[in-house]
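Given next are the chains, with one letter for each unit.
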Amino acid sequence: MVTEDKLLWDLTEVMELTGWGQTKTREILNRPDSVFTVRVGSKLYVNRKAFIDFLDRCAKYQIRI
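Conventions adopted
- Residues numbered from 1 in each chain as written.
- Predicted model: local features only at pLDDT ≥ 70, side-chain atom pairs only at ≥ 80, totals over all residues.
- Heavy atoms only, no water.
- Helix = DSSP H or I, 4+ residues; strand = E, 2+ residues; numbered from the N terminus.
- Rg over C-alpha atoms; globule rule 2.2 N^0.38 Å.
- Buried < 20%, exposed > 50% of the residue type's maximum accessible area, 1.4 Å probe, protein only.
- Contact = heavy atoms within 4.5 Å.
- Areas by Shrake-Rupley, 256 points an atom, 1.4 Å probe, with all protein chains shown as cover.
- Lys, Arg positive; Asp, Glu negative; His and termini not counted.
- Charge placed at Lys NZ, Arg CZ, Asp CG, Glu CD.
- Polar contact = N/O pair within 3.5 Å; in protein donor to acceptor, adjacent residues only side chain to side chain.

Asker: What is the right way to read the overall build of the chain from this model?
Answerer: Within the chain, the secondary structure is distributed over three helices and three strands. Order of helices (α) and strands (β) in the chain, N terminus to C terminus: β-α-α-β-β-α. A compact globule built from 65 residues would reach a C-alpha radius of gyration of about 11 Å, and the chain, at 11 Å, matches this within 12%. Structurally, the chain occupies a C-alpha span of about 30 × 25 × 20 Å along its principal axes. The buried share among the 65 residues of the chain stands at 23%. Long-range pairs, those at least 24 residues apart, make up 38% of the contacts in the chain between residues at least 6 apart in sequence. Roughly 4600 Å² of accessible area belongs to the chain as shown, and the carbon and sulfur atoms make up 53% of that amount. Here the chain carries 11 positive and 9 negative side-chain charges, and the mean point of each set is 6 Å from the other.

Asker: What am I meant to see in the environment of Leu44 here?
Answerer: The topology assignment puts Leu44 in strand E3 (residues 43-47). Its relative accessible area of 10% is what places Leu44 among the buried residues. Here Leu44 is in contact with Asp10, Leu11, Arg26, Leu29, Asn30, Thr37, Val38 and Arg39, once residues within four sequence places are set aside.

Asker: Could you clarify how one ought to interpret the side chain of Thr37 in this entry?
Answerer: Take Thr37: it is sitting in strand E2 (residues 37-40). Judged by its relative accessible area of 18%, Thr37 falls in the buried class. From its side chain, Thr37 meets the backbone oxygen of Leu29 in a polar contact 2.8 Å long.

What follows is the structure, encoded as structure tokens:
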């Protein structure tokens, strides 16, 4: 379950929030220009605030993800 009080979301929470599959989510999180991806060892996490800002910009300017 995605919660707003967490600073970082894991892969499963991002998938639940966006409705994207695992492959698409990993593809986006592994992009070299990603400002919201946090790597802890081999695990990927997402900075909640930066990710929401990214999604808002994509929606506002009609940027393809």
